[in-house]
Amino acid sequence: MSRTVYVNGDYLPEEEATISIFDRGFLMADGVYEVTSVLGGKLIDFEGHAARLARSLAELDMVAPISHEDLLAAHRELVAKNDIDNGLVYLQVTRGSAGDRDFAFPDPETVPGTVVMFTQSKPDLLESAVATTGIRVISVPDLRWHRRDIKTVQLLYPSMGKMAAKAAGAGDAWFVEDGKVTEGTSNNAYIVKGSKIVTRELSNDILHGITRSAVLRYAAEAQMEVEERAFTISEAQSADEAFVTSATTFVTPVIEVDGAALGDGTPGPVAKRLRELYIEESLKTAV
Ligand code: PMP
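Just so it is clear, the structure is predicted and the values come from calculations on it, not from any experiment.

Caption draft 1: The sheet that holds strand 2 (residues 10-13), seen in detail. Spatially, 6 strands are ordered 2-1-6-5-3-4 in an open sheet, and the strand pairing comes out antiparallel. On the outer flanks of this sheet lie strand 2 and strand 4 (42-43), each paired with one strand and no other. As judged from the 2 bridges shared by strand 1 (residues 4-7) and strand 6 (residues 114-121), these two strands associate in the antiparallel manner. Pairing of Y6 across the sheet is with M117, part of strand 6.

Caption draft 2: Region of the structure containing the pattern of salt bridges. For the structure shown, the criterion picks out 21 salt bridges. Put simply, R144 and D142 hold a salt bridge, and the shortest N to O gap is 2.9 Å. Taking relative accessible area as the criterion, R144 reaches 15% and is therefore assigned buried. Classification of D142 by relative accessible area gives buried; the value is 6%.

Caption draft 3: A look at the site of the ligand. What surrounds the ligand is a group of 18 residues, the closest being R52, K151, E183, I210 and T211. In the environment of the ligand, an oxygen atom lies 2.8 Å from a nitrogen or oxygen atom belonging to the backbone of I210. Look at the ligand: alone it shows 390 Å² of surface, and the protein chains cover 92% of it. Secondary-structure elements contributing two or more residues to the shell around the ligand are helix 2 (46-59), strand 9 (180-184), helix 6 (210-221) and strand 13 (241-246). Broken down by class, the residue content of the shell around the ligand amounts to 4 nonpolar, 10 polar and 4 charged. Two domains share the shell around the ligand, each providing at least three of its residues, namely domain 1 (4-121) and domain 2 (129-285).

Caption draft 4: A look at helix 5 (residues 156-167). Taking 1.5 Å per residue as the helical rise, helix 5 with its 12 residues ought to reach 16 Å, and the 16 Å between its terminal C-alpha atoms agrees with that figure. Turning to helix 5, its buried residues are Y157, P158, G161 and A165. Seen end-on, helix 5 carries its buried residues on one side only, within an arc spanning 100 degrees. Turned more than 90 degrees away from the buried face of helix 5, the exposed residues are L156, K166 and A167. Lining the buried residues of helix 5 we find strand 7 (135-141) and strand 8 (172-177).

Caption draft 5: Structural detail: the packing of aromatic side chains. Enumeration over the complete set of coordinates arrives at 8 aromatic pairs. Aromatic pair W174 and F231: ring centres 5.9 Å apart, planes at 65 degrees, arrangement edge-to-face. With W174 in strand 8 and F231 in the loop between strand 12 (225-228) and helix 7 (233-237), this residue pair connects regions lying 57 residues apart in the sequence. Across the pair, F231 and W174 agree in class, each one buried. Judged by centre distance (5.9 Å) and plane angle (35 degrees), the ring pair of F250 and Y278 falls under tilted. With a gap of 28 residues between them, F250 in strand 14 (residues 250-257) and Y278 in helix 8 (residues 269-284) connect regions that are remote in the sequence. For F250, a relative accessible area of 1% corresponds to the buried category. Given the relative accessible area of 1%, Y278 is considered buried. Taking NZ or CZ as reference, K81 lies 5.2 Å from the ring centre of Y11, over its face. Directly above the ring of F105 sits R95, whose terminal nitrogen or CZ lies 3.3 Å from the centroid.

Caption draft 6: Expanded view of the domain arrangement of the protein. The domains assigned to the protein are domain 1 (4-121) and domain 2 (129-285). Between the C-alpha centres of domain 1 and domain 2 the distance comes to 26 Å. Each partner contributes residues to the interface: domain 1 has 20 residues there, and domain 2 has 19 residues. For the pair domain 1 and domain 2, the summed buried surface comes to about 1,900 Å²; carbon and sulfur atoms form 63% of the total. When the area that domain 1 buries against domain 2 is broken down by residue, the three leading residues are Y33, D45 and R52, summing to 34%. Linking domain 1 with domain 2 are 8 residue pairs in polar contact (both at pLDDT 80 or more), by the criterion used here. Those elements that place two or more of their residues in the side of domain 1 that touches domain 2 are strand 3 (31-39), helix 2 and strand 5 (87-94).

Caption draft 7: Looking closely at the pairing of strand 14. In terms of burial, strand 14 is a largely internal element, 7 of the 8 residues being buried. Sheet topology places strand 7 next to strand 14; 3 bridges connect them, and they run parallel. Its bridge partner being in strand 14, I135 is matched across the sheet by V254. Of the pairings in the sheet, the one linking strand 13 to strand 14 comprises 5 bridges and is antiparallel in character.

What counts, and at which threshold
Residues numbered from 1 in each chain as written. Predicted model: local features only at pLDDT ≥ 70, side-chain atom pairs only at ≥ 80, totals over all residues. Heavy atoms only, no water. Pairing = 2+ DSSP bridges. Helix = DSSP H or I, 4+ residues; strand = E, 2+ residues; numbered from the N terminus. Salt bridge = Lys/Arg side-chain N within 4 Å of Asp/Glu carboxyl O. Buried < 20%, exposed > 50% of the residue type's maximum accessible area, 1.4 Å probe, protein only. Near = heavy atom within 4 Å. Polar contact = N/O pair within 3.5 Å; in protein donor to acceptor, adjacent residues only side chain to side chain. Areas by Shrake-Rupley, 256 points an atom, 1.4 Å probe, with all protein chains shown as cover. Nonpolar A, V, L, I, M, F, W, Y, C, P; charged D, E, K, R; others polar. Domains from an automatic or database assignment. Expected span 1.5 Å × (residues − 1). Arc of directions from axis to C-beta. Contact = heavy atoms within 4.5 Å. Phe/Tyr/Trp six-rings, centres within 6.5 Å; stacked < 30°, edge-to-face > 60°. Lys NZ or Arg CZ within 6 Å of the ring centre and 35° of its normal. Buried area = accessible area lost by both parts, 1.4 Å probe.

Next comes the structure, spelled out in structure tokens:
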């Protein structure tokens, strides 16, 4: 069935939605995005995603082409129009089209940004197979640019990382830079040693995950010990357990790192507990 998608204020059947070939998102990956998950027809962590969008835009000197109010209204409208129970809303904002190709940014006064949104239905979002089985990860060098805190649509290298993982029979890849894990291709990475949860501190080296921030808050509220620092692959291999977080996978256990099984090779209790906590708590603030 054809979806209804959003393009610059209009709701259209997906077949009728068009963007200029000169759009800078297409020509230069000059755009940012957000993915907000939907559970029971409600948006999870919407405020966090809206705040990070505003930050990404500001870091790139882009003017927000849509108000916070309209953004929320459009998310809700799309969820309703597409009858999404469990799934996600993808949002992309680009610097728009000046009608030609030029490295210099166009004047935002005369060239408005492009806003596109669409939904994806994922009935099994909560009960995904990997939530119970966990995933295996491999490590790959982190060859991305150094502003990973900005959520840009430059996703070619992360795609290559996913393909390397797939070729190795793994579920994902963890990026490694200067001997330390930065993050997963599309998630933040954690290890658990004893009762301590370890995850890399925030900097320009990683995306400031909205799920990460919520999970660390819930962990602290549950009196769990958290240490924000970088860790190595060999430290991960000798950890008791590991997991990743993202808006669409919540908390997903990691059971193997570069061929070494963690603990008894099955999802650990901390990852399970945090997944339950995250889902339970974030449903309370869903809108
Ligand atoms: N790191 C990267 C590189 C990502 O692509 C994502 C998912 N967009 C995350 C971390 C997790 O961020 P969030 O919890 O906001 O989805």
